[in-house]
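One letter stands for each residue in the lines below.
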Amino acid sequence: MLEVLKRLVRDEEGQGMAEYGLILALISIVVIIALTPMGEAIRDKMQAVSTAITNAGTAAPAGP
């Protein structure tokens, strides 16, 4: 039993996994923060394209 406790104290595998988890969480947060404004810009651009297509379909043809 004492050997098992000593091994658990020396074993750092769980600590390494926790560090990787924290790094992954930090990277995820940074990506979400960076992509949010880009998503809004893409939404605005797609809305402008949709509006232009709608208006082009309803515009009167130019004639002589």
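Every chain is numbered on its own, with residues counted from 1 as its sequence reads. Local features in a predicted model are, by the rule used here, given only for residues with pLDDT of at least 70; side-chain atom pairs are given and counted only at 80 or more, and totals for whole chains, interfaces and linings are based on all residues. To get the side-chain values, all heavy atoms of the structure are used, and hydrogens and water are removed first.

**Q** Would you mind showing me how to read the overall build of the chain here?
**A** Secondary structure elements are defined from DSSP: runs of H or I of at least 4 residues count as helices, runs of E of at least 2 residues count as strands, and each element is numbered from the N terminus. Helix and strand content of the chain: 2 helices and 0 strands. Per-residue accessibility, obtained with a 1.4 Å probe over protein chains only, is compared with the maximum for each type, and a residue is labelled buried under 20%, exposed over 50%, and partly exposed between these values. Classification of the 64 residues of the chain by burial places 2% in the buried group. Computed with the Shrake-Rupley method and a 1.4 Å probe, the accessible areas treat only the protein chains shown as cover for residues. Split by element, the accessible area of the chain, about 6000 Å² in all, is 70% carbon and sulfur.

**Q** Would you mind going over a nonpolar patch on the surface with me for this structure?
**A** Taken together, the side chains of M17, Y20, I23, I27, V31, L35, M38, I42 and M46 make up a nonpolar region of the molecular surface, amounting to roughly 950 Å² of accessible area. In this structure, M17 sits in helix α2 (residues 13–58). Any residue with relative accessible area above 30% and no salt bridge may belong to a patch, with like charges joined within 9 Å and the nonpolar Val, Leu, Ile, Met, Phe, Trp and Tyr side chains within 5 Å. By definition, a salt bridge exists where a carboxyl oxygen of Asp or Glu is found within 4 Å of a side-chain nitrogen of Lys or Arg.

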